[in-house]
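Overview (structure and organization)
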Amino acid sequence: MFRSLLPSRSKTRQTSSSSSSPTNTTTMSPVAQPVHPTFVGAIDQGTTSTRFIIFNNRGEVVAVHQIEFEQIYPNPGWHEHNPEELVSSVEQCIDGAVEAFEKQGHSRDQIKAVGITNQRETTVVWDKTTGKALHNAIVWTDTRSQDLVRRLKHRLGSKELTERCGLPLSTYPSASKLLWLLENVPEVKAAYDSGVLAFGTVDTWLAYKLNGGTAREIYVSDPSNASRTMFMNLETLDYDDELVDWFRLDREKIKFPKIVRSSDPEAYGSLASTALKGIKITGCLGDQSAALVGQKGFTPGQAKNTYGTGCFLLYNVGDKPVISTHGLLSTVAFDFGPGKRMYALEGSIAVAGSSVKFLVDNLGFIDSSSKLSALAETVEDNGGVTFVTAFSGLFAPYWIDDARGTLFGITAYTQRGHIARATLEATCFQTKAILDSMAKDSGKSLAELAVDGGMCNSDLIMQTQSDLIGIPVNRPAMRETTALGAAIAAGLAVGVWSDFKELDDVNVDGRTLFKPQIDAASADKQFERWEKAVQMSKGWAS
Ligand SMILES: Nc1ncnc2c1ncn2[C@@H]1O[C@H](COP(=O)(O)OP(=O)(O)O)[C@@H](O)[C@H]1O
Ligand SMILES: O=P(O)(O)OC[C@H](O)CO
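Keep in mind that this is a model prediction, so the values were computed, not measured.

Below, the discussion takes up the site of ligand 2. With respect to spatial proximity, the complete set of residues near ligand 2 consists of Thr47, Gln119, Arg120, Glu121, Trp140, Tyr172, Asp287, Gln288, Gly308, Thr309, Gly310 and Phe312. Interatomic distance of 2.7 Å between a side-chain N/O atom of tyrosine 172 and an oxygen atom of ligand 2. Between an oxygen atom of ligand 2 and a side-chain N or O atom of aspartate 287, the distance comes to 2.5 Å. Look at ligand 2: alone it shows 310 Å² of surface, and the protein chains cover 94% of it.

This chain's UniProt record puts "domain: Carbohydrate kinase FGGY C-terminal" (unreviewed entry) on residues 304-493. Within the segment residues 304-493, helix and strand shares are 35% and 22% respectively, and the terminal C-alpha atoms sit 24 Å apart.

Our next topic: the domain arrangement of the chain. Here the chain is described as being made up of domain 1 (13-285) and domain 2 (296-475 + 511-542). Computed from C-alpha coordinates alone, the two centres of domain 1 and domain 2 are separated by 25 Å. At the junction of the two partners, domain 1 supplies 31 residues and domain 2 supplies 30 residues. Across the contact surface, domain 1 and domain 2 share three salt bridges. The residue arginine 150 makes a salt bridge to aspartate 401 at a minimum N-O spacing of 3.4 Å.

Within the structure shown, the criterion is met by 25 salt bridges. Taking the shortest distance from any N to any O, the salt bridge between glutamate 60 and arginine 58 comes out at 2.8 Å. Here glutamate 60 falls in the partly exposed class, since its relative accessible area comes to 26%. Arginine 58 gets classed as partly exposed once you look at its relative accessible area, which sits at 37%. Several salt bridges share partner residues, and in doing so they unite Arg120, Glu121, Arg228, Asp287 and Glu346 into one network.

Once that is clear, we can look at the environment of histidine 326. Relative to the assigned elements, histidine 326 resides in the loop between β17 (311-318) and β18 (329-335). For histidine 326, a relative accessible area of 29% gives the class partly exposed. It is 31 Å that separates the C-alpha atoms of histidine 326 and alanine 137, two residues lying 189 residues apart in sequence. Engagement of the side chain of histidine 326 in a polar contact is seen with the side chain of aspartate 441, the distance being 2.8 Å.

With that settled, consider the site of ligand 1. Ligand 1 sits among 20 residues. The nearest are Thr48, Arg51, Thr309, Gly353 and Ser369. One nitrogen or oxygen atom from the side chain of arginine 51 is found 2.4 Å from an oxygen atom belonging to ligand 1. Here ligand 1 loses 92% of its free accessible area of 580 Å² to cover by the protein chains. Sorting the residues of the shell around ligand 1 by element identifies β3 (49-56) and α10 (353-362) as the ones contributing at least two each. Top element by residues in the shell around ligand 1 is α10. It accounts for four residues. Residue composition of the shell around ligand 1, grouped by class: four nonpolar, 14 polar and two charged.

This part takes up the sheet that holds strand β16 (residues 303-307). Taken together, seven strands build an open sheet; the order of strands is β18-β19-β17-β16-β22-β23-β24 and the sheet is mixed. In this open sheet, the two strands that pair with only one neighbour each are β18 and β24 (512-514). When strand polarity is set aside, the average angle formed by the axes of neighbouring strands in this sheet is 30 degrees. In terms of strand pairing, β16 meets β17 through five bridges, oriented antiparallel. Each bridged residue has a counterpart across the sheet, and for alanine 303 the counterpart in β17 is tyrosine 315. Sheet contacts for helix α12 (residues 416-442): β16, β17, β19 (341-349) and β22 (449-452); angle to β19, the most-contacted strand, approximately 140 degrees.

Turning our attention to the confidence of the model for the chain. Per-residue pLDDT for the chain averages 92, and the proportion of residues at 70 or more is 93%. Here residues 1-34 is modelled with pLDDT under 50, and outside its nearest four sequence neighbours on either side it reaches 88 contacts, counting other chains as well. Across the interface, the model reports ipTM at 0.98; the global pTM reads 0.92.

Here aspartate 467 lies in helix α13 (residues 459-469). Buried and unpaired, aspartate 467 has arginine 421 as its nearest opposite-charge partner, separated by 7.9 Å. Once residues within four sequence positions are removed from consideration, aspartate 467 is found in contact with Lys515, Pro516, Gln517, Ile518 and Ala523.

If you check helix α14 (residues 481-494), its first and last C-alpha atoms are 20 Å apart, about what 14 residues at 1.5 Å a residue would give, namely 20 Å. Within α14, 13 of the 14 residues are buried, which leaves the element mostly enclosed by the surrounding structure. Glycine 495 occupies a position one or two residues after α14 and carries a positive phi of about 85 degrees.

The subject of this paragraph is the packing of aromatic side chains. Summed over the entire model, instances satisfying the criterion amount to 27 aromatic pairs. For the ring pair phenylalanine 199 and phenylalanine 231, a centre distance of 5.8 Å and an interplane angle of 75 degrees mean the geometry is edge-to-face. With phenylalanine 199 in strand β9 (residues 197-201) and phenylalanine 231 in the loop between α7 (223-226) and β11 (232-233), the pair connects residues that are 32 residues apart, well separated along the chain. Given the relative accessible area of 0%, phenylalanine 231 is considered buried. A centroid spacing of 6.4 Å and a plane angle of 25 degrees characterise the contact between tryptophan 205 and tyrosine 208, whose relative ring orientation is stacked. Here tryptophan 205 and its partner tyrosine 208 are both found in helix α6 (residues 202-210), three residues apart, which amounts to about one turn of the helix. Residue tryptophan 205 is classed as buried on the basis of its relative accessible area, which comes to 0%.

Rules of the game
- Residues numbered from 1 in each chain as written.
- Chains lettered and ligands numbered in written order.
- Predicted model: local features only at pLDDT ≥ 70, side-chain atom pairs only at ≥ 80, totals over all residues.
- Heavy atoms only, no water.
- Near = heavy atom within 4 Å.
- Polar contact = N/O pair within 3.5 Å; in protein donor to acceptor, adjacent residues only side chain to side chain.
- Areas by Shrake-Rupley, 256 points an atom, 1.4 Å probe, with all protein chains shown as cover.
- UniProt positions renumbered as here; feature names shortened; annotations may be inferred.
- Helix = DSSP H or I, 4+ residues; strand = E, 2+ residues; numbered from the N terminus.
- Domains from an automatic or database assignment.
- Contact = heavy atoms within 4.5 Å.
- Salt bridge = Lys/Arg side-chain N within 4 Å of Asp/Glu carboxyl O.
- Buried < 20%, exposed > 50% of the residue type's maximum accessible area, 1.4 Å probe, protein only.
- Nonpolar A, V, L, I, M, F, W, Y, C, P; charged D, E, K, R; others polar.
- Pairing = 2+ DSSP bridges.
- Axes fitted to C-alpha atoms, helices over the stretch in contact; angles between N-to-C directions.
- pLDDT = per-residue confidence, 0-100.
- Lys, Arg positive; Asp, Glu negative; His and termini not counted.
- Expected span 1.5 Å × (residues − 1).
- Phe/Tyr/Trp six-rings, centres within 6.5 Å; stacked < 30°, edge-to-face > 60°.

What follows is the structure in structure tokens.
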């Protein structure tokens, strides 16, 4: 039953070329000048890769180091990461980026603070007396808790959970992953019974380990991460005893991280090792919140859609949570202190860039993600093919846990290009469904969609998206918005920026606007077909 904590198999390749492709790279750009003497570092620990990026105080990327790490799929629907490898990938990225930074003539003490942003919900458990992980991290996409969730749905009060924590009972949040570990892994249960079990999302694990683990015992999380567990009350931004009790967990036996602000000069400690030893960690945001901050979505009504491994649309709804009645999540956008705490409505798509990687790694259609568009452009349209990429069931707005990936419309006419097109369209269709739900929940329609994330490098995907939703799609030139958000959170805590206003000029140049090129009637017709396919994909994993 137990997966061993496998040794690192990550590869690091260094190059001096400037590239935004998701390979293992160190990038040096000539933007930093002596007139901008302060810098902020950002750890971006995503689902498929880790990056450390050093920004100057104009929000420009000065140095990057990126490493892809091992994806562990022990069984169908299971997805794990080695927690030690996540930490070592961060450490290597810090060292690699600092090396590139110093080669440009800068000194590491010009880096004033470091922020963390991370894949959310992914669950790590460790022994607080040894600091050692007790199991591989269970990744947010993992569906092994499906049966457990079905059982929980029969428990009295299951329908009321969402009002308090903003999330639906599903395999996605951390709660069901933690319960699965307690039910299925004797070491985890033994640690719980003897009161030494520590639980955390990836932010907590990284802050703990980067501070030196048991030496300093930093156990913290920010509200944008803690709001993904199902244990946090959205109003109080603290753990809700009734929620924890509902999951039948004993707070005496399990160490939950303290929930602190997303930007804080002291709470997150400092780096105990690496080239930046002694530098404070002063910002922390779940990656989707960080992207909203990096797009400067500080005011209600602003939204962004991030096309990474999954795809996540966050819409700033203001300083009060809005509970969706149309399949969206309610979450904390960020907490930068009084008057600067915002909530978001979220549309979560489990499979986006991972469907592209599926064509590359599993089916060998192409040899890199960046070639998907070229393959899709070998044909004029999808040739009647629809791909419901429900590898982890379907998340928002459908929440169909027994759907699985299904290809519709295959004929002898179908070419690889048609399947490539259907793959990229799937994320765009699901985004359209989410925007429709958002309009129903908020009573407003978006005028424009700000985008980022690896998949947005494809012009074809962005054009398809704009065509299907009928509004312009606005893509920044600097696409590292997630890391920028973490840097902003960290920089605000130490005065690199004193308020949001100072960020007005950050990341505004060189944006590309994709405008709709098809009429609404043909977009609607395509969308109807997608909705039909979604309904037909139900029930496969029941
Ligand atoms: N040009 C491209 N076209 C389509 N997909 C791409 C392209 N470049 C990267 N991707 C996809 O983007 C994803 C990586 O995006 P990224 O934002 O780094 O994700 P994460 O933060 O989840 O690790 C990968 O799944 C990859 O397949
Ligand atoms: O790795 P990403 O960028 O797809 O983001 C993962 C999310 O945080 C999961 O909720």
